[in-house]
Amino acid sequence: MKTVILLLIMFLFNNLLASDIKWESLILEKMLTSMSSKNKVLIYTKSPKMKKIVERLINTKVRVTNNCKRADFALLAEDEKKTCDKPEIVFNYRGYMHDEDAVGVFFWQKGRPTIRFSLKRLAHFNLQVRGELSKFVSSNK
Amino acid sequence: MRLFFLLIIVFSTLLQAYDIDQMLDLYRKDSDLSQKTKNESLGHLTVYTRDDLERMQAHNLGELLNSLRSFRYDENMLGMPDVLHTDPSPYSSDTVKIFINNHEITSAYAGSGLFIYGNIDLGFVDHVEIYEGSTSTAVNSEPAIVTIKLYSKDPAREAGGHLQAYGGSRGMNHENVSYAAASKDFKYYLYASRSDIRRTHYTNENYDISRDYKQKHALMTLDYKNIKVGAEYIDHKADPFLSLSMFAKPKDGDMSYKLKRVSSTMSFLDDDSLKLSLSFIRMNEHLNFNMDGTLWTTNPLDVILVTQDSLVTDSVDDVYSAKLEKKTVYKSNTFLLGANYIKKSLHDVNTYNNGVLDTEPTFVDNSIVGLYMQDDFAIAENQIITASLKRNQYYSKSNRAERNFHTFQTRLGYIATSKKSTFKAFASSMEIPTEQYALAFAKTNEIELLRLVDVSAEYARHINAATLGFCLEYLQNQNSKILIKKENIPRYYDNYSASVKYDYDFDPFNSLKSMLFYNRYHNPVSITHESVMGGFARLLNTYKKFDIYNEIDYRKIYSSEINGYVYNAGVRYRATQSLIFSLKGVNIFNSAATSRYSYITMNGLSPEQKSLYISPIDRTLSVGMEYSF
């Protein structure tokens, strides 16, 4: 019976989490594919949470690799230390401001999820944001 | 199997069909913080999410309290929020408890903080939960039939600054500013506002009746690892509306209070299952009532001889509270065990009656020690029986009465959920002691324990994009012998309430919410039964960069003049991601149901009772803007 309660709690929590992760996955996927025209986008992450988000990606273009050198992008969870010299997507604004390899950030600002790309850093990695996400490219940072 | 893959493709296509702005909005909706704080087992719940508050352009809490089954926003004879207002009782909402971030706002004298927080500005609020009917004994320190929980904005989601300003009818205006920052272990949110709320004025025999108020409000939350700290300051100055004038002739009065609050919550153990909450509230209150004639009295000689036309009082109202709670799971049971201590103290009271200092000033020194236990027992995968019990030991001492006694609260509930439906039923029995403010109007110096029985059930079924729901509630209350000055009154009175709701989501950005209700309740002052019928319909729509809000609330009390509807409408234009313009009308046709305020006129030497009918909702048009930086 204890298992039943735990399952019920896990189910409710999972449902809540699943809903969050579903949208996080879709938005992240849009960010990654808007910066790459390759048929396969390889990402590197050590964070279990990021791996979970990536597992939910619908588009099979995006794959996870354990080899940083092969990766096109790195995903850095909140306050995770930099381990890979690749263009990064980060998930808090403070990290984005201080990390020169962070080309994009997906974070909450004034109660709203927000996306931002750095024009200068994109250019440094010879990247460009295409399509509807190009409106989030900023020349400041 | 083919169908399975087809469904995946269809689902994927649907998800991909949204543009990035819509996806961000949908993510915001689905991860609303209310999903993490609301608790369906606490009672019959209405949630106003952040999205609702913004699209409705809700400026004050009172605007959210007009579309509920068991009560509406109302004000007492001093113009203070009093949602269970019963004319001519000065305050009737002591069983309505109000919380900010799970800390109760309350006072030593009134037993509820609704008169302070019942119409608070909402600039700092993320979402609001309203539980109608009895709630778990673990939530409220003392029995409640309505519990309102406000949650401030989460600094982790608010990075940066925000400015909001609006102004409108009669020159009313409000401005607020906030700033938030967050790192992994440390985050904070700062908020400050200033309101100059000018209300509709009324006159009675050339006496101006005003409930204008000015308020300054500051709030701070600070989270460090497992510690959450909150601090708040409210400086409120108001005109006294009808004052305590028996003839509805107030003269040159004013009221003010300064509230200071500090609170903290600490969680311990790896699973945060042990929590300690501490809180301190101090309220310095100043009341200055002057009137032509006398203040409310039951002595006919006082009416004729005009014995008191001035009451000036200053007081300090302190509430200390501490609560320790442990959650533990054993087999099919989730236990919640807790203890709380509350000390309520009204002191340093200086009262001048007709300019003469009261030599025996009012004081209150109440301590409550509470022990409670709750068990949520899972009888199946989607069914829970919840049972809770609480014992409060009171050590009560005041200038009117001294008594040590204890009270019990018990509650039993059953909740069954499935993907298509939800069923909830609760039965509670509670004992409520006479609040200190009520003792001032009592026949004897005696604290009375009154029993309250609440039985309720709710069923909701989801049919595609629609939700159809029904709710029934039976409330039995015991009549007070010391407050009701009529003989041979029945010992118990019965109140009934029923509602039907219908919600429809046209798509994630366009929705309808509606409800019809019927209540038959006992009025303890007039010793009669009154029947209330009403309902509401609310449309929230989005078209391109415009959010459009329409709402109609209807209310009729049978056998009375109280009958009317409120029509509100608003539009928000999201010019950029950081700049929003808004326009809103409240009670646009000035047709809201009124409230009754009784008063006396003299016909020679014979007093006659008359009534003023004044709406708690003014017709107000406002324009506003918000800027994020």
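Residues numbered from 1 in each chain as written. Chains lettered and ligands numbered in written order. Predicted model: local features only at pLDDT ≥ 70, side-chain atom pairs only at ≥ 80, totals over all residues.

### Section: the sheet that holds strand 4 (residues 125-132) of chain B
Residue and element names in this part refer to chain B. Here we have five strands laid out as an open sheet, ordered 1-4-5-2-3, and mixed in their pairing. On the outer flanks of this sheet lie strand 1 (44-48) and strand 3 (103-105), each paired with one strand and no other. Direction aside, neighbouring strands of the sheet carry axes that sit 25° apart on average. As judged from the seven bridges shared by strand 4 and strand 5 (residues 146-152), these two strands associate in the antiparallel manner. Note that in strand 5 the partner of Glu-132 across the bridge is Val-146. (Pairing = 2+ DSSP bridges. Helix = DSSP H or I, 4+ residues; strand = E, 2+ residues; numbered from the N terminus. Axes fitted to C-alpha atoms, helices over the stretch in contact; angles between N-to-C directions.)

### Here's the deal with the pairing of strand 6 (residues 160-168) of chain B
The two faces of a sheet get side chains in turn, since along a regular strand they alternate between them. All names here are of chain B. As defined by bridge partners, strand 6 adjoins strand 7 (residues 173-182) across eight bridges and the pair is classed as antiparallel. Following the sheet pairing, Ala-165 is matched in strand 7 by Glu-175. Remark: four residues form the turn of the hairpin made by strand 6 and strand 7, two consecutive strands paired antiparallel; Arg-170 in that turn has positive phi of roughly 65°. Sheet topology places strand 6 next to strand 32 (residues 620-628); seven bridges connect them, and they run antiparallel. Looking at the pairing, Tyr-166 lines up with Gly-624 of strand 32.

### A short note on the pairing of strand 24 (residues 492-507) of chain B
Residues and elements named next belong to chain B. Bridge analysis of strand 23 (residues 466-478) against strand 24 gives 13 bridges, and the strand direction is antiparallel. By the bridge assignment for strand 24, Cys-471 is matched with Ser-499. As defined by bridge partners, strand 24 adjoins strand 25 (residues 510-523) across 11 bridges and the pair is classed as antiparallel. Bridge assignment links Ser-497 to a residue of strand 25, and that residue is Asn-519. What sits between strand 24 and strand 25 in their antiparallel hairpin is a turn of two residues.

### Remarks on the nonpolar core
Grouped together as the largest cluster of nonpolar side chains are 116 residues, with contacts concentrated most on Ile-43 and Phe-106 of chain A together with Val-96 of chain B. Element by element, the count of residues in this core is highest for helix 1 (residues 2-35) of chain A, at seven residues. If we ignore the near neighbours within four places in the chain, the residues touching Ile-43 of chain A are Leu-32, Val-54, Val-62, Val-64, Ala-71, Asp-72, Phe-73, Ala-74 and Leu-75 of chain A. Core analysis: the second largest hydrophobic core is formed by five residues, Val-586, Ala-592, Ala-593 and Ile-617 of chain B among them. (Core = buried A, V, L, I, M, F, W, Y, C linked by C-beta atoms within 7 Å. Buried ≥ 20, exposed ≤ 12 C-beta atoms within 10 Å, placed from the backbone. Contact = placed C-beta atoms within 7 Å.)

### A look at unusual backbone geometry
Note the cis peptide between Asp-87 of chain B and Pro-88 of chain B, where omega equals 0°. For Pro-88 of chain B, the position within the fold is in the loop between helix 4 (50-56) and strand 2 (96-100). Its identity as a non-glycine residue notwithstanding, Lys-110 of chain A has a phi of 50°, on the positive side. Relative to the elements of secondary structure, Lys-110 of chain A occurs in the loop between strand 5 (102-109) and strand 6 (112-118). Non-glycine residue Ala-248 of chain B carries a positive phi angle of around 55°. Classification of Ala-248 of chain B by C-beta neighbours within 10 Å gives buried; the count is 25.

### Topic: the environment of Tyr-202 of chain B
Residues and elements named next belong to chain B. As for its position among the elements, Tyr-202 is in strand 9 (residues 202-204). Residue Tyr-202 is classed as partly exposed on the basis of its C-beta count, with 18 C-beta atoms lying within 10 Å. Considering only alpha carbons, one finds Tyr-202 and Phe-241, 39 residues apart in sequence, at a separation of 9.3 Å.

### Some thoughts on helix 2 (residues 48-55) of chain A
Residue and element names in this part refer to chain A. The complete set of buried residues in helix 2 reads Met-50, Ile-53 and Val-54. Down the axis, helix 2 shows its buried residues gathered within 95° of arc, on one side only. Exposed positions of helix 2 whose direction lies more than 90 degrees from the buried face are Pro-48 and Glu-55. (Arc of directions from axis to C-beta.)

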